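# Fold and geometry: a report
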Amino acid sequence: MIIRYVNSEGVEVILNKEPYKVLMSDLTDYDNVEVERNGKIACFTKEITERDLNIDIISNSKEATQELCNKLNEVFEKDIYNDVAGKIYINDYYMRCFIKSCKKSKRGNGVIRSYEYTLITDYPFWIKETTYQYLPESPNQVDYATLEKGILFPEIPFDFAPVRGEKILENPSFADSNFIMTIYGFAESPQVSISGHSYRVETTVYEGERLVIDSKKGTVKKIGRLGEVVDCYNARQKDYSVFEKIPAGLNVFQWSGGFGVDIVLFDERSEPKWSL
């Protein structure tokens, strides 16, 4: 198991490897808060949450220990200064958070420092990202599997072979997932379908531009060649929500094949998924 912290500027510290020794304490505990309506439980939600993060810092001299303490505090403080959350990871799962406070104690003539940090988050989920990339396909592209199944093994119908613009998208989560979908130009009114649900935006994405749909934030933005941002929220199709979460399990992904698409899925859990 690897426990690490990555701050808002991308600086990483491994917290369970010398000279740092982390004690997880209640880091993976969780609480769901019920919402009551008319004397009944209507649903559950999560609130701003604080967790303990206790770290021992050990070296061969008190001067070296002090320097390590300074570096660690600077990693945490950058997020407070930037007002942008960092991420604490347990293996592949992370939680966005700030380190809001700290209590200190010394042992071994200052060679060992014990820091009792308080972590705070307004989104107490452990998140794992899975990325799929679908590259543009040539109109004349022939899949070897199609040739093999249709010619070498003619008893197998062509219908069972992969077709242009159709792939499998597997959501490894136990629940429907938020996503970020990025469509690369050139694409005219780009549309994709995931398990029969349509995602379409009535705009033109030119070569070198990209269209980004963020289901959690509820945003649709086009990023230009020079980084300029155009809000395309009102250009989204209205018949089917472009923010519809992607179902768990295997999904058929369909598109014209004429443009590239990246999809990042977010598996969100109250605690990380453990493995032996």
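A brief structural summary. (Residues numbered from 1 in each chain as written. Predicted model: local features only at pLDDT ≥ 70, side-chain atom pairs only at ≥ 80, totals over all residues. Heavy atoms only, no water.)

A cluster of acidic side chains, namely Asp31, Glu34, Glu36 and Glu47, defines a negative patch on the protein surface. With respect to the element layout, glutamate 47 can be found in the loop between strand 5 (40-45) and strand 6 (49-58). (Patch = residues over 30% accessible without salt bridge, like charges linked within 9 Å, V, L, I, M, F, W, Y side chains within 5 Å. Areas by Shrake-Rupley, 256 points an atom, 1.4 Å probe, with all protein chains shown as cover. Salt bridge = Lys/Arg side-chain N within 4 Å of Asp/Glu carboxyl O. Lys, Arg positive; Asp, Glu negative; His and termini not counted. Charge placed at Lys NZ, Arg CZ, Asp CG, Glu CD. Helix = DSSP H or I, 4+ residues; strand = E, 2+ residues; numbered from the N terminus.)

Per the stated rule, a full pass over the model turns up twelve aromatic pairs. Centre to centre, the rings of tyrosine 115 and tyrosine 117 are 5.5 Å apart; their planes meet at 55 degrees, and the pair counts as tilted. On the numbers, 5.9 Å between centres and 55 degrees between planes, the contact of phenylalanine 186 with tyrosine 206 is tilted. Highlighted residues: phenylalanine 186 in the loop between strand 12 (178-184) and strand 13 (187-188) and tyrosine 206 in the loop between strand 16 (204-205) and strand 17 (210-214), separated in sequence by 20 residues. Given the relative accessible area of 42%, tyrosine 206 is considered partly exposed. Taken together, the aromatic side chains of Tyr5, Phe76, Tyr115 and Tyr117 make up a single cluster linked through ring pairs. The lysine or arginine in question, lysine 87, covers the ring of tyrosine 94, its NZ or CZ lying 4.3 Å from the ring centre. In this structure, lysine 104 packs its charged tip against the face of tyrosine 115, placed 5.8 Å from the ring centre. (Phe/Tyr/Trp six-rings, centres within 6.5 Å; stacked < 30°, edge-to-face > 60°. Buried < 20%, exposed > 50% of the residue type's maximum accessible area, 1.4 Å probe, protein only. Lys NZ or Arg CZ within 6 Å of the ring centre and 35° of its normal.)

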